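Per-entry structural report
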Amino acid sequence: MKKLITIGIACLLSLSLSGCSLGSVIDRFTASDDAAIQNINPESTRVYMDEIRGELQNFTGNQITLLSDEESYTFDISQATLECSNGMLAGDAVSVVYEGQLDSTDTGAVHALKVVDDYHQTTTLKDQTFRGQVQVLTANCITVKSDKNQTVTFPVTGTEQYYQAGIKAGNWVYIHYKGNLVAAADGNTATADGSHTKTFSVSDVDPFNVPDPTPTPAPQEGTEVKKENKLRAVIQNIQTNVLQVSIENTTTVLNLDMSALPCYFEGGAETGSHVNIIYTGDFNGTTLDGLSVLGITGENPDKLSERDISFTISGDIIASTANTITLRTYDGADITCNTEKATNSSSGGLLTGSSVKITFSPADSKETNIYTAIKIEDL
């Protein structure tokens, strides 16, 4: 130890005698430029990490377009993770974290790592309401036309829906959503794209209010009150006013006309989910003959355990990122699902073009348009 101390003192004395400070010696040994690094290790390069903040303009499943300082940037995010609490909403403030250096608006030389909520943002997207006449309703989309003749299609996957007076083409509904409507790609001002929004509710009454069930009144003397019954069924399809269901644990398929029936789908009208058909009369096991259907109610996803969840989305994979896949469904919707926690038994490796069925819980996606996958299977 004494020898080490002696050597250290001698080094300090030699530095002071030579007129060099300790700082200048450290600088001399640590200062190096890229050329020096390359001479020592020709394979090494400097990696720069940065982020760009902007307003989300478009999202295609593996690409994102941002507007930042009035310039447009399109990033390949096929190897990035999506970590935005609201999902991918048009007009939302987000940041893209990337490796490399941007050359003006050319993003080809950078590698996107993640897309995150912009913690610098000073404004947030506001909840909005659109009123329009129903044109078409499917499991994942509703198309409506406003009183100004503007037609918009909104996503309704897992969306709470209540139709007090029934649902059919021409009925007026209120759509509560967040995100910006995007101008049609063909420049037609009579249509707008609502696919990059999050729809919270659809109803023919506003404000949204589902009344408590009315108790069956006690029969008056001399009168007969028909007993209300419930029939449990599984949704197979929905096309505007026609809901196709199969009676649970049977092969019996029924087509229910919802034109004048009160209907409440708390977790959306998704294929595979259950509904209760409320009716009076005697069910013959195969048809609606002789029945008076009073209403239809869907499941409450908040009260279901994960193993009891049966809400599903089916389609072809059209794009992916490091933690999501985007499906194109039979009714033309593009739906992005987070796959990090999903059980995957599909055989296609989640590659583009694979057809899959995804089980999800609407309760986990009330505030975002990216759905958390529970189970992934071959279609």
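An unreviewed UniProt entry annotates the chain as DUF3221 domain-containing protein originating from Blautia intestinalis.

**Topic: the side chain of Thr 280**
Of note, Thr 280 is situated in strand 19 (residues 274-280). A residue is classified by how much of its surface remains accessible, and Thr 280, at 9% relative accessible area, is buried. Excluding anything up to four places from it in sequence, Thr 280 contacts Lys 226, Lys 227, Glu 228, Gly 290, Leu 291, Ser 292 and Leu 294.

**Side note on the packing of aromatic side chains**
Per the counting criterion, the structure on display carries 7 aromatic pairs. Here Tyr 162 and Tyr 264 contribute two aromatic rings whose centre-to-centre distance is 6.0 Å and whose plane-to-plane angle is 90°, an arrangement assigned as edge-to-face. Residue Tyr 162 is located in strand 10 (residues 160-163), and its partner Tyr 264 is located in strand 18 (residues 263-265); the two are separated by 102 residues in the primary sequence. For Tyr 162, a relative accessible area of 7% translates into the label buried. Classification of Tyr 264 by relative accessible area gives buried; the value is 16%. Connected via pairs of aromatic rings, a cluster forms that spans Phe 130, Phe 154 and Tyr 177. Lying over the aromatic face of Trp 172, Arg 131 brings its terminal NZ or CZ to 4.2 Å of the ring centre.

**Some details on the nonpolar core**
Ile 142, Ile 175, Leu 243, Val 245, Phe 265 and Ile 296 are the most contacted members of the largest nonpolar core, which totals 35 residues. The contact partners of Ile 175, leaving out residues within four places of it in the chain, are Gln 128, Thr 129, Phe 130, Ile 142, Val 144, Phe 154, Thr 199, Ser 201 and Val 202.

Parameters at a glance
- Residues numbered from 1 in each chain as written.
- Predicted model: local features only at pLDDT ≥ 70, side-chain atom pairs only at ≥ 80, totals over all residues.
- Heavy atoms only, no water.
- Helix = DSSP H or I, 4+ residues; strand = E, 2+ residues; numbered from the N terminus.
- Buried < 20%, exposed > 50% of the residue type's maximum accessible area, 1.4 Å probe, protein only.
- Contact = heavy atoms within 4.5 Å.
- Phe/Tyr/Trp six-rings, centres within 6.5 Å; stacked < 30°, edge-to-face > 60°.
- Lys NZ or Arg CZ within 6 Å of the ring centre and 35° of its normal.
- Core = buried A, V, L, I, M, F, W, Y, C linked by side-chain atoms within 4.5 Å.

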